Amino acid sequence: MIFKTFNPLEDKTLRIIDNDGKIINKELFPDLDNETVIKAYKSMLYARTADEMAISYQRQGRMYTYPPNMGQEAIHIASGLIMRENDWLVPAFRELGAMLAKGVSMKEIFIYYMGNEQGSNFKQANHVLPICVPIGSQFLHATGIGYSINYQKKDEVVFSFIGDGGTSEGDFSEALNFAGVWKVPVIYIIQNNQYAISVPVQNQTKSINLAVKAVAFGLPGIKVDGNDFFAMYVACKEAFEHARAGEGAVLIEALTYRKGAHTTSDDPTKYRTKEEEQEWDKTDPLIRMKRYIDNEGIWNEDEEKLIENYKQEIDKQFTEAENITPYQLEDVFEYMYDEMPDILRKQKAEYKQFQSWKEKRI
Amino acid sequence: MRYIFNFPDIGEGLEEGIILEWYVTKGQTIKAGQALVNMETDKVVTDIPSPKNGMIIEIFGNIGETIHVGSPLVEIETEESVVVKTEIAEKEVLEEGAAVMGTMELSGNNAALPSSDEGSLKIRPEAALATKALATPLARAMARELKIDINNIAGTGPSGRVTKEDIQNYNIPSQSNKIVERNESILQEGLTDLTTFEPLSQIRKAIAKNMLNSKQNTAHMTLFEEVEISELMRIREKFKQKSTDRDIKLTYLPFIVKATVQALKQYRSLNSQMDLEHDRMIYKNRYNIAIAVDTPEGLVVPVIRDADKLSIWQIALAIKELSDKARNRKLTLDDMKEGTFTLTNYGSIGGIFATPVINYPQAGILGIGRIIKKPVIKEDMIIVGNVLPLSLSVDHRIVDGGDASRFINLIVEYLSDPVLLIME
Amino acid sequence: MSVMTIVQAINNALDIKLGEDKTIVVYGEDAGKEGGVFRVTEGLQRKYGVERVFDSPLAESAIVGTGLGMALSGLRPIVELQFDGFTYPAFNQIISNVSRMHNRSRGMYKVPLVIRFPYGGGINALEHHSESPEALYAHIPGIKVVIPSTPHDAKGLLISAIESNDPVIFMEPKRIYRAIKQEVSEEKFSIPIGKAKVLTEGTNVTVVAFGAMIRECQKAIAMANQAGISVELIDLRTIYPIDKETIAESIKKTGRIIIVAEAPESFGVGAELMAIANEEAFLYLEAPPKRVMGFDTIVPMAKGEPFYLITPERIFYEIERTVKF
């Protein structure tokens, strides 16, 4: 229904609260109890804290290059709130909050960014794919999973993410096209954070917006204020219902801003201005939600103390990540095949011979 | 625990940064993650956070100063008692380098390579080819199995190749070859009625190495002397009971050690080492006398340290202790090191004179033979004497004949009249 | 003469060619305004304008496909793919069209296209940023594959690639992008494609390598020299077409060959050179040719990479084994 009201061809945007946290669309305001709203805010706060700490760890030289999520938390938490245990998360690489909502631990995230694939072997989280480095390719995977769900008549929905840059990849179009033909229960979410490394979205496509690309493939599309938790929730909820009812896939364009750099090795001052960053800061999802909560007067916990607790807990997980069993030679070979071929076995043995030689010789 | 936090390589390929602003002061309590300082680098202006909780003890660097990656930023007194690793892996120092992904290595202050040019090196195979045989891997394997150097065989095949026939023909030996081959083949076939094989023990290998090394690196020269030791024997007999009371077995060896040490003090070239690498002599200020001990596994040479500071009885005790340890294979590395001069006593086994091998890199070794009753001349009269034979090998590079003679004569003097030893 | 890193040498080559030939354009993701994530194209947009040096949308297949179109219609495009592991979306364009157009049109259409990308491991990166796919491309008939190991060679080889009327894949060893500085002439010069270079003369064994591995081989050779082994080091510089002659001459002299490369061992440059050793110098071989390469595994992430990357110790180990055969 909202897909018709907020027609991307008319460049409409779904927004429910403004920058001051005031409700501007009472009709569509979701039916969430205060407890859930506060829990969502806390999740966003946790994700933001974890992100800042990750950047700090990288700066301390304890972790490698990391892509910050700052500014995009509402998208992650809103969709995360809707995802059930058996629903699928097919991420790109900037969806920390959603991964946490699905049960991935910060420890696992840290292990990954410390340079160990072990971090992608999620111990608790069900139906979450590892982060996907080849841009945009994950959408095709999401489409395939969607087909499988239909085929097996399961009650599952796929949430997949991509960036504004990823929409230029051929795989994006191919995935949506197949999604239309196969009528898969997949929610494709574009996190339009305005930049693909240094290239602004205006130079990525001349389309009036990204949501409109759904039309080419016969799919409903909607543009949403991605920094508005409530709007994201509503959009994801309707898309979820749509998919679950067997109506097929939806494309959501979530407008947001990449507050940080592309990665900790990127320098945004080379291609954007402080003024622009400050303009977008006014739309920060955490600030807006906090304002809403304050306006409603529904929460009086000590936020400072909460953040302190989060920091301690996250630091504990980081320390655990630093102390896992070190990478073994076996780990290089073990996971290549279900059944290790002889040639690999031989290569590993030859390397072990070199290791013993080295111990004595060097 | 005190912890120095160095300016980390934060993966942006930084080599250095300029301090713009300090957020903390000496004595301030800080938390992990708290920003310590604002640094300007080639790429970004960034805060550097503390990796630990604690108190700032020291701050390194003033505003405007350049700090290199790896140099100290602050010293923190932490609450921990355990060292926590804060770096992930050893990486070379990184300078600035944009990458968006990964840690880049930068060339730093290393000198630049000189300019390249093309084609200044030619392959030049001619020299090598002149001495090398052409052959298939099969032919080479054949030659190898027969233990023939294929390069010695003239090739009659295509392209001058050494063929199988060439190798087989080469294998018809001349007479001398036959004998050599037969001997070698005996060794190789291990016929048990002619030979038995035993692998070399570590000790044997070490002894072999040391002996060869000593002979190859020094100029061995041996002097022989005889000492009439009736007086020494009398003294020993006199103190035998008192020694036994103290659980000490008194032999002649402690006296010989004492005499040697006194002589070394006067002729320091015998207690030295030649250091050709640095063009210098190394004179030892201590008198660590090594005593060769025969064990079932072979010869070991433990050391009596600072023998000049020990009494006869103490030396006797040290000798016993080391011999026991040697026979029980309980000698430690400490027992074996830093010897400055060696004594070897084969007299108890039965030899008279010998040409002992120097314990390289020492300058000399004194061999002690067995005491024989011999006719000697004393005050123009023939009497029965107790003669102890001495064999002194010296490194003639270091010790001239004159000094060697004077040294051994002094020992003879001490052993002839042992009371001289307490006079010194 | 000027002291340059590989990044600067490549930038210099592009600058010189952009300056003298108006048909040349340079583009890729982040290659325009930002000057490339490794800053290889830094300053070029400012100097030559946004029509000649520009950012493209995020689509590797499109980058190469449009590059082909430009090359067929009067331009000489130099396209940049951001990382080795991201060239694969363009693989279809490369193997199905770029490499075939000349043959398909019986020479009517030439393809003066250069495809540049950083390759190789050793930078603690995520997956897809440490690959060494030279064998995949070298196996495609119709294209050339070039890999420099020094700033001087990077400049000279790139200029040759740009001036060639054949499509060239120009792979840049990112690990040593800034790790080596060298005196390089600021003048224009070119180094012929298809010619290997003997870096060090030796008599006991030939070591063949390229890219970032040259430096590791040089360290290994220092160890070998200490052990009394004389090593001849050859920098391949061009993977396809490979310089068989230089390699063969060297094997005839030393009788032994070791190939060092990062890529997975099976079906790679090592196998190719071993075949050449057999074909061209069979009778001169005194030991089996040996390839020292990566495992047939995905390049591990940072914590596992030390097992995978070829180190000087490992090269020395194989040199010793080969010489003792």
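Residues numbered from 1 in each chain as written. Chains lettered and ligands numbered in written order. Predicted model: local features only at pLDDT ≥ 70, side-chain atom pairs only at ≥ 80, totals over all residues. Heavy atoms only, no water.

Colleague: Please clarify how the overall build of chain C should be interpreted in this entry.
Modeller: Looking only at helices and strands, chain C features 12 helices and 14 strands. When each of the 325 residues of chain C is scored for burial, the buried share is 67%. Roughly 10400 Å² of accessible area belongs to chain C as shown, and the carbon and sulfur atoms make up 53% of that amount. (Helix = DSSP H or I, 4+ residues; strand = E, 2+ residues; numbered from the N terminus. Buried < 20%, exposed > 50% of the residue type's maximum accessible area, 1.4 Å probe, protein only. Areas by Shrake-Rupley, 256 points an atom, 1.4 Å probe, with all protein chains shown as cover.)

Colleague: Sorry, what's going on with the overall build of chain A here?
Modeller: From N to C terminus, chain A includes 14 helices and eight strands. Within chain A, buried positions represent 58% of all 362 residues. Taking as baseline every contact in chain A between residues at least 6 positions apart, the subset at least 24 positions apart corresponds to 74%. Accessible area for chain A stands at about 15200 Å²; split by element, carbon and sulfur atoms hold 49% of it. (Contact = heavy atoms within 4.5 Å.)

Colleague: I'm lost on the pattern of salt bridges in this one. Help?
Modeller: Enumeration over the complete set of coordinates arrives at 68 salt bridges over all chains. One salt bridge connects D308 of chain B with K309 of chain B, and the closest N-O pair in it is separated by 3.9 Å. Assessed through its relative accessible area of 62%, K309 of chain B is described here as exposed. Bridged by salt links that share partners, the residues R48, E73, K259, D281 and D284 of chain A form one connected network. (Salt bridge = Lys/Arg side-chain N within 4 Å of Asp/Glu carboxyl O.)

Colleague: Any chance you could explain helix 3 (residues 73-82) of chain A here in plain terms?
Modeller: Because an α-helix completes one turn every 3.6 residues, residues spaced three or four positions apart along the sequence face the same direction. In terms of burial, helix 3 of chain A is largely enclosed, as nine of its 10 residues are buried. Those residues of helix 3 of chain A that sit buried are E73, A74, I75, H76, I77, A78, S79, G80 and I82 of chain A.

Colleague: Whenever I open this one, the interface of chain C and chain B confuses me. Can you help?
Modeller: A common measure of how large an interface is: the accessible area buried when the components associate. Of the residues lining the interface, 47 residues belong to chain C; the matching set on chain B comes to 40 residues. Note on chain C versus chain B: buried area summed over both sides is about 3600 Å², and carbon and sulfur give 55% of it. Residue E105 of chain B pairs with R215 of chain C through a salt bridge whose shortest N-O separation is 2.9 Å. On the surface where chain C and chain B come into contact, there are 15 residue pairs in polar contact (both at pLDDT 80 or more). The residue makeup of the side of chain C that touches chain B, split by class, is 19 nonpolar, 11 polar and 17 charged. (Buried area = accessible area lost by both parts, 1.4 Å probe. Polar contact = N/O pair within 3.5 Å; in protein donor to acceptor, adjacent residues only side chain to side chain. Nonpolar A, V, L, I, M, F, W, Y, C, P; charged D, E, K, R; others polar.)

Colleague: Explanation requested: the sheet that holds strand 3 (residues 158-163) of chain A in the structure shown.
Modeller: The strands making up a sheet associate through backbone hydrogen bonding, with each pair oriented either parallel or antiparallel. All names here are of chain A. Strand order in this open sheet of six strands is 1-7-8-4-3-2, and the pairing throughout is parallel. At either end of the open sheet lies a strand with only one pairing partner, and these are strand 1 (13-14) and strand 2 (88-90). Pairing geometry for strand 2 and strand 3, over three bridges, is parallel. Across the sheet, residue W88 finds its bridge partner in strand 3, namely V158. Across the sheet, helix 9 (residues 229-244) is in contact with strand 1, strand 3, strand 4 (186-192), strand 7 (221-225) and strand 8 (250-255); its angle to strand 8 comes to roughly 170 degrees. (Pairing = 2+ DSSP bridges. Axes fitted to C-alpha atoms, helices over the stretch in contact; angles between N-to-C directions.)

Colleague: Could you clarify how one ought to interpret the sheet that holds strand 3 (residues 29-30) of chain B in this entry?
Modeller: Residue and element names in this part refer to chain B. Taking strand neighbours across the sheet as the criterion, the four strands line up as 1-8-6-3 in an open arrangement whose pairing is antiparallel. Since the sheet does not close on itself, it has two edges, and those belong to strand 1 (2-6) and strand 3, each with one partner. Pairing geometry for strand 3 and strand 6 (residues 54-59), over two bridges, is antiparallel. The residue bridging I30 from the neighbouring strand is G54, located in strand 6.

Colleague: Is there a simple way to explain the packing of helix 7 (residues 253-266) of chain B against helix 8 (residues 312-327) of chain B in this structure?
Modeller: The description of two helices packed together rests on the angle between their axes and the distance between the axes. Residues and elements named next belong to chain B. It is at 9 Å that the axes of helix 7 and helix 8 come closest, and there the two elements cross at 115 degrees. Regarding the angle of helix 7 to helix 8, the classification is roughly perpendicular. Of the two elements, helix 7 crosses helix 8, and the hand of that crossing is right-handed. The residues of helix 8 that touch helix 7, namely those facing L253, P254, F255, V257 and K258, are I312, I315, A316 and I319. Residues that form the contact of helix 7 with helix 8 fall into these classes: eight nonpolar, no polar and one charged. (Parallel < 35°, antiparallel > 145°, perpendicular 65-115°, else oblique. Left-handed = near helix turned anticlockwise from the far one by under 90°.)

Colleague: I'm lost on the packing of helix 2 (residues 34-59) of chain A against helix 12 (residues 303-322) of chain A in this one. Help?
Modeller: Residue and element names in this part refer to chain A. The interhelical angle for the contact between helix 2 and helix 12, taken along N-to-C directions, is 50 degrees, at an axis separation of 10 Å. Looking at the two axes, helix 2 sits oblique to helix 12. Remark: the crossing between helix 2 and helix 12 carries right-handed chirality. Mapping the contact onto sequence places Y41, K42, L45, Y46, T49, A50, M53 and Y57 in helix 2 and E303, L306, I307, Y310, K311, E313, I314, D315, Q317 and F318 in helix 12. When its residues are assigned to classes, the contact of helix 2 with helix 12 shows 11 nonpolar, two polar and five charged.

Colleague: So what exactly am I meant to see when it comes to the nonpolar core here?
Modeller: Nonpolar side chains tend toward joint burial in soluble globular proteins. Core analysis: the largest hydrophobic core is formed by 124 residues, its most contacted members being L14, F110, F229 and I252 of chain A. Contact partners of F110 of chain A, with chain neighbours within four places excluded, come to A54, Y57, M63, I314, Q317, F318 and A321 of chain A. In this structure, Y287, I315, I398 and F407 of chain B belong to the second largest nonpolar core, which totals 48 residues. (Core = buried A, V, L, I, M, F, W, Y, C linked by side-chain atoms within 4.5 Å.)

Colleague: When you look at the interface of chain A and chain C in this model, what are you seeing that I'm missing?
Modeller: At the interface, 42 residues of chain A touch 42 residues of chain C. Taken together, both faces of the contact between chain A and chain C bury some 3700 Å²; the carbon and sulfur share is 63%. Linking chain A with chain C are three salt bridges. Summed over the shared surface of chain A and chain C, the number is 15 residue pairs in polar contact (both at pLDDT 80 or more). Mapped by element, the contributors of at least two residues to the side of chain A that touches chain C are helix 5 (106-113), helix 13 (329-334) and helix 14 (342-361) of chain A. The element that contributes the greatest number of residues to the side of chain A that touches chain C is helix 14 of chain A, accounting for 11 residues.

Colleague: Would you mind showing me how to read the pairing of strand 13 (residues 257-264) of chain C here?
Modeller: Taken residue by residue, a regular strand's side chains alternate between the two faces of the sheet. Residue and element names in this part refer to chain C. Strand 13 sits mainly inside the fold: seven of its eight residues count as buried. In terms of strand pairing, strand 13 meets strand 14 (residues 290-294) through four bridges, oriented parallel. Residue pairing for strand 14: V260 is matched across the bridge by V292. Handedness of the crossover joining strand 13 and strand 14 through helix 10 (residues 269-281) is recorded here as right-handed. (Right-handed = clockwise from strand over helix to strand, strands pointing away.)

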